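# Residue-level structural notes
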Amino acid sequence: MEPKHIDVQFVKSFLDSFESVFNGMFQCKVSKAALNLSRENEKDSDVIVLTGISGEYRTGMIAYSMSTMTAERMIRHFYSGEILVESDSVVWDGLGELVNIISGNTLSTLWEKDVDLRITTPSIVSGDSFKLHFMSQSTITATMLSPFGAIDIDFAIKRC
């Protein structure tokens, strides 16, 4: 797949929403450490949150990859220290909610530009013995640095 098939407008809208949510909810700045086009099609991480994209001549998925420590730090802050993050389900629920908020903000921005998209409910994969493969799809990876740790966001979105 050639880079021209990747929807850069969508990627920019999503990264803007990601930064806005972190600024508003976490009262912290995030910075883009890197933005790379990859044909590697393989992701290896402790925790990956996946969400699918469809509609308006676009299809694909977004994967948020991070270490378990980064996920736990974010969710502890997300819940303002009110709950213990000893349970995996608390971390997974919090990560799912965070991705839903980012996705919802992105959809609102794109709907204002008359772009009709649907985003699936997030799914979370974790462990140290799996790899995610983006089949026959180039990806744009944005490495975002936050006070909680690095988060890679892989965009495997293409125009149909």
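Above this text is the structure in question.
Residues numbered from 1 in each chain as written. Predicted model: local features only at pLDDT ≥ 70, side-chain atom pairs only at ≥ 80, totals over all residues. Heavy atoms only, no water.

Moving on: the overall build of the chain. Within the chain, the secondary structure is distributed over 3 helices and 9 strands. When its helices and strands are written in sequence order, the chain yields α-β-β-β-β-α-α-β-β-β-β-β. Expressed as a percentage of its 160 residues, the buried residues of the chain come to 46%. When contacts within the chain are restricted to residue pairs at least 6 apart in sequence, those whose partners lie at least 24 apart make up 71%. Summed over all atoms, the accessible surface of the chain reaches about 8,200 Å², with 49% contributed by carbon and sulfur. (Helix = DSSP H or I, 4+ residues; strand = E, 2+ residues; numbered from the N terminus. Buried < 20%, exposed > 50% of the residue type's maximum accessible area, 1.4 Å probe, protein only. Contact = heavy atoms within 4.5 Å. Areas by Shrake-Rupley, 256 points an atom, 1.4 Å probe, with all protein chains shown as cover.)

Inspection of every chain in the model, using the stated rule, returns 2 salt bridges. Residue aspartate 16 is joined to lysine 12 by a salt bridge in which the shortest nitrogen-to-oxygen separation is 2.9 Å. Of this pair, aspartate 16 and lysine 12 both sit in helix H1 (residues 8-26), 4 residues apart, which is roughly one turn of the helix. For the salt bridge of aspartate 116 with arginine 118, the shortest nitrogen-to-oxygen distance reads 3.5 Å. On the accessibility criterion, aspartate 116 (40% relative accessible area) is partly exposed. (Salt bridge = Lys/Arg side-chain N within 4 Å of Asp/Glu carboxyl O.)

One can find serine 65 in strand S4 (residues 58-66). Serine 65 sits in the buried class, given a relative accessible area of 3%. Spatially, the C-alpha atoms of serine 65 and valine 47 are 5.7 Å apart, while their sequence positions differ by 18 residues.

Let's shift gears to the packing of aromatic side chains. For the coordinates displayed, the defined rule picks out 7 aromatic pairs. Ring geometry for phenylalanine 18 versus tyrosine 64: centroids 6.4 Å apart, planes at 25 degrees, classification stacked. Here the residue phenylalanine 18 occupies a position in helix H1, and tyrosine 64 occupies one in strand S4, the gap between them amounting to 46 residues. Residue class for tyrosine 64 comes out buried when judged on its relative accessible area of 3%. Ring centres 6.4 Å apart and planes at 55 degrees place the aromatic pair phenylalanine 22 and phenylalanine 148 in the tilted group. Of this pair, phenylalanine 22 sits in helix H1 while phenylalanine 148 sits in the loop between strand S8 (139-146) and strand S9 (149-159), and the two are 126 residues apart along the sequence. Three or more aromatic residues link up through ring pairs in this structure, and these residues are Phe14, Phe18, Phe22, Phe26, Tyr64, Phe148 and Phe155. (Phe/Tyr/Trp six-rings, centres within 6.5 Å; stacked < 30°, edge-to-face > 60°.)

Looking now at the environment of asparagine 105. Following the sequence through the fold, asparagine 105 ends up in helix H3 (residues 88-112). Sequence-wise, asparagine 105 and serine 17 are 88 residues apart; in three dimensions their C-alpha atoms are separated by 6.0 Å.

Phe18, Phe22, Ile62, Tyr64, Leu95, Ile153 and Phe155 are the most contacted members of the largest nonpolar core, which totals 38 residues. Breaking this core down by element, the ones donating at least two residues are H1, strand S3 (47-55), S4, helix H2 (68-78), H3, S8 and S9. Excluding residues that lie within four positions of it along the chain, phenylalanine 18 makes contacts with Val30, Tyr64, Ile102, Met144, Ile151 and Ile153. Counting 7 residues, the second-largest nonpolar core is a separate cluster that includes Ile48, Ala63, Leu132 and Ala156. (Core = buried A, V, L, I, M, F, W, Y, C linked by side-chain atoms within 4.5 Å.)

This paragraph deals with unusual backbone geometry. Backbone geometry at glutamine 27 places phi at a positive 50 degrees, although glycine is not the residue there. With respect to the helices and strands, the residue glutamine 27 is situated in the loop between H1 and strand S1 (31-38). By relative accessible area, glutamine 27 is classed as exposed at 61%. In this structure, aspartate 114 is a non-glycine residue whose phi angle is positive, near 60 degrees. Inspection of the secondary structure puts aspartate 114 in the loop between H3 and strand S5 (118-119). By relative accessible area, which is 68% here, aspartate 114 ends up exposed.

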